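Chain by chain, the residues run as shown.
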Amino acid sequence: MKLWSQYFVPTLKESPADAEIASHKLLVRAGLVRKLGGGLYTYLPLGLRVMQKLTQICREEIERGGGIEVWMPHVHPAEVWEAGPRWAAAREIMFRVDHAGAGKGRSKEPEYVLGPTHEEVITPLVKTEITSYRDLPKNFFQIATKFRNEIRPRFGLMRAREFVMMDAYSFDASDEGAIKSYHAMKAAYEAFFRRIGVTAIAVEADTGVMGGSFSHEFMVPAEIGDDDVIYNEESGYAANREKATSGLVPAGLADAAPAGATEEFATPGVVTIAALEAAPYAVPADRQFKTLVYVGDGKPFVVILRGCDELEEAKLGALGFTLFRPATAEEIEPVLGTKPGSLGAVKGTIRNPSALAGVFADHAIRLIGNGTTGANKDGFHLRNVNVARDLAVTKFGDFRRVRPGEPDPKSGQPLKVRRGIEVGHIFKLGTKYSEKYGAAYTDDQKQSHLMVMGCYGIGISRTLQAVIEQSHDADGIVWPWAVAPFQVLVCVLDPQLPEAMDLARKLAATAEAAGADVLVDDRAERPGVKFKDADLIGIPLRLTIGGKGLKEGIVELKWRTKKDVEKVPVAEAAARLGAAVSAAK
Ligand code: ATP
Ligand code: MG
């Protein structure tokens, strides 16, 4: 039991100027955190208590899913990262540790970085410690601080520079084993989010810079989320924007027969899809081929889409380039023969086809069959361009951005879109890291194999805020029971009366014995202030003791989620409170 007057719950009437979203405002107003600098926060007692509860529930569920808890350093010698597969990409976001000796000509002095995640630490450890199939599988996790120099920290704990993450790393002897570990973690995540009272949906995700074969993100639906989720609740299909596909192109679609010979026509000044749609050409965008040029690992490549479609750039990741970016006009001209505006990929019109790393076409261009495209000649286009006959396609793939209303790939029902907050992520990593660090084991035939890895993360501090974003009203936070900083608030309106405080102590003890954490508001404040603060900090169950009520022989019980107040005779209060706590647990 804590007495508010001796504890520290600095509530505020006003929200800070930099808080744009409800959960960020409430975090500060309810006295959970205070800002030190951009993306850097102190957890005050209430905030810390929620973090500790989230951490404990997470620990229990990850352990149930096979995890073994460890604790790794947060300062990493830069060379462990240099030896890994993503130093170039990851260093952008890493804080470097400046220390005596760094950059002072003492070249032996190692450089250090602050850990943004720990594949680079755990994989070499496992390589050294585990060598036999008998010791696999293993899944190590920690719940600890991460450091990322986010360019734009925002929304309080949502995107911070220092934050708390549960990160786990599984090591298996086989691909099937790795898939089993992956599913065990997925189940552990689901149990965790269920227990903390948060709706988080698992959506198929892009594997991005991590590579690997498959991944899911756990999303809390919220307007202010950074990510788009494409879904259909009936079929259960859910994917993030980067990964989402649709059933737009029917399976088994036959190639269209050529509509006639390819024909060049003059299009002076026409350099956009829209201009070709307009009179006098009047070629609808869904009959045009859009030709884009990118550079992947130093070599240009072409992407063809329908004129009406947008490229989903992340999907180019499937092509296997480590780094890719749009090509400049200067890079395009010597290869295709013209500047953007009249580009095309019709065989024979590309000036230097051998300079290309490939021509990659979105499946949906097959819906065009015969269409119009640039002639690789300034001011000219080609019509009657047949996909199968005329286009020099290296490989078809899914590169377009899905639009709401398109058929869901599972059921054909219309897809919907909504915003979500990514609170967790699971990856099947494969052997990318084990290969790089030589994490191998010997099987029962003394044969050596690479371990198959998975990696997993839950943003514990981001989840704390996502809980608030999902569970608040106009008056304040509405904590789910399991993560509330206190579950019961005993509100004493006349703390100067000894009989009121005696009863408060007695009932607090009853609630504690039943399994609740109890805060007693014994401050010498007006009832209005106390009730406002009670709503603001969002404790699930409030028990009010006042001098007037005591004269009548009653106390009041109120749930944060309900409007009505229940008057309970003092003689029954302990039993009622105990029963309410037991039922809520
Ligand atoms: P995001 O796309 O939001 O930057 P991420 O893909 O970089 O996330 P991971 O590296 O997969 O995230 O980290 C695992 C989890 O850690 C995320 O799902 C998220 O909940 C949390 N997380 C990541 N970056 C931050 C941050 N800057 N502040 C708070 N939590 C974060
Ligand atoms: Mg990130």
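Our subject is the structure listed above.
First things first, this report covers the structure right here in the doc. The model shown is predicted, which means the values in this text are computed figures rather than measured ones.

### Side note on empty space enclosed by the protein
The gaps left among the atoms become clear once a water-sized probe is rolled over them.
Then comes step 1: Scanning all chains against the criterion turns up one cavity of 30 Å³ or more.
Then comes step 2: Computed from the structure, the largest cavity encloses a volume of approximately 50 Å³.
Then comes step 3: Contributing to the lining of the largest cavity are Leu 489, Ala 534, Asp 535, Ile 539, Pro 540, Arg 542, Lys 558, Trp 559 and Arg 560.
Then comes step 4: Secondary structure elements with two or more residues in the lining of the largest cavity: helix H13 (527-537) and strand E31 (554-559).
Then comes step 5: Residues of the lining of the largest cavity, tallied by class, amount to five nonpolar, no polar and four charged.

### Regarding the site of ligand 1
Then comes step 1: Taken together, 14 residues lie near ligand 1, and Arg 148, Glu 150, Arg 159, Ala 160 and Glu 422 sit nearest.
Then comes step 2: Interatomic distance of 2.8 Å between a side-chain N/O atom of Arg 159 and an oxygen atom of ligand 1.
Then comes step 3: When the free accessible area of ligand 1 is taken as 590 Å², the share hidden by the protein chains comes to 82%.
Then comes step 4: For the shell around ligand 1, the secondary structure elements donating two or more residues are strand E9 (162-172) and strand E22 (416-430).
Then comes step 5: Top element by residues in the shell around ligand 1 is E22. It accounts for four residues.
Then comes step 6: Class assignment for the residues of the shell around ligand 1 results in six nonpolar, three polar and five charged.

### A closer look at the state of the cysteines
Then comes step 1: For the coordinates displayed, the defined rule picks out zero disulfides.
Then comes step 2: Residue Cys 455 stays outside any disulfide, its sulfur separated by 15 Å from that of Cys 58, the closest cysteine.
Then comes step 3: On the basis of relative accessible area, Cys 455 is assigned to the buried category, the value being 3%.

### Quick look at the environment of Ala 188
Then comes step 1: The topology assignment puts Ala 188 in helix H6 (residues 175-195).
Then comes step 2: Relative accessible area serves as the criterion here: at 4%, Ala 188 is assigned to the buried category.
Then comes step 3: The spacing of Ala 188 and Gly 67 is 121 residues in sequence and 9.7 Å in space, taken between C-alpha atoms.
Then comes step 4: Excluding anything up to four places from it in sequence, Ala 188 contacts Glu 61, Ile 62 and Gly 65.

### Thoughts on the side chain of Arg 400
Then comes step 1: With respect to the helices and strands, Arg 400 occurs in the loop between strand E21 (395-397) and E22.
Then comes step 2: For Arg 400, a relative accessible area of 4% puts it in the buried group.
Then comes step 3: The residues contacting Arg 400, other than those within four sequence positions of it, are Ser 246, Leu 248, Leu 305, Arg 306, Asp 309, Glu 310, Glu 312, Lys 315, Asp 362, Ala 364 and Glu 406.

### Looking at the sheet that holds strand E16 (residues 299-306)
Then comes step 1: As summarised here, the arrangement of the five strands in space is E17-E15-E16-E18-E21, forming an open sheet in which the pairing is mixed. Only two strands of the sheet have a single neighbouring strand rather than two, namely strand E17 (324-326) and E21. In this sheet, adjacent strand axes meet at a mean angle of 30° when their direction is disregarded.
Then comes step 2: Inspection of the sheet shows strand E15 (residues 289-296) paired to E17 by three bridges, in the antiparallel sense. For Gly 296, the partnering residue across the bridge sits in E17 and is Phe 324.
Then comes step 3: On the sheet, helix H8 (residues 329-336) packs against E15, E16 and E17 and is oriented at approximately 110° with respect to E15.

Rules behind the numbers
Residues numbered from 1 in each chain as written. Chains lettered and ligands numbered in written order. Predicted model: local features only at pLDDT ≥ 70, side-chain atom pairs only at ≥ 80, totals over all residues. Heavy atoms only, no water. 1 Å grid on protein atoms, 1.4 Å probe; cavity = no way out; pocket = protein on both sides within 12 Å on 5 of 7 lines; lining within 4 Å. Points joined across faces, edges and corners; volume = space filled by probe spheres on them. Helix = DSSP H or I, 4+ residues; strand = E, 2+ residues; numbered from the N terminus. Nonpolar A, V, L, I, M, F, W, Y, C, P; charged D, E, K, R; others polar. Near = heavy atom within 4 Å. Polar contact = N/O pair within 3.5 Å; in protein donor to acceptor, adjacent residues only side chain to side chain. Areas by Shrake-Rupley, 256 points an atom, 1.4 Å probe, with all protein chains shown as cover. Disulfide = S-S within 2.5 Å. Buried < 20%, exposed > 50% of the residue type's maximum accessible area, 1.4 Å probe, protein only. Contact = heavy atoms within 4.5 Å. Pairing = 2+ DSSP bridges. Axes fitted to C-alpha atoms, helices over the stretch in contact; angles between N-to-C directions.

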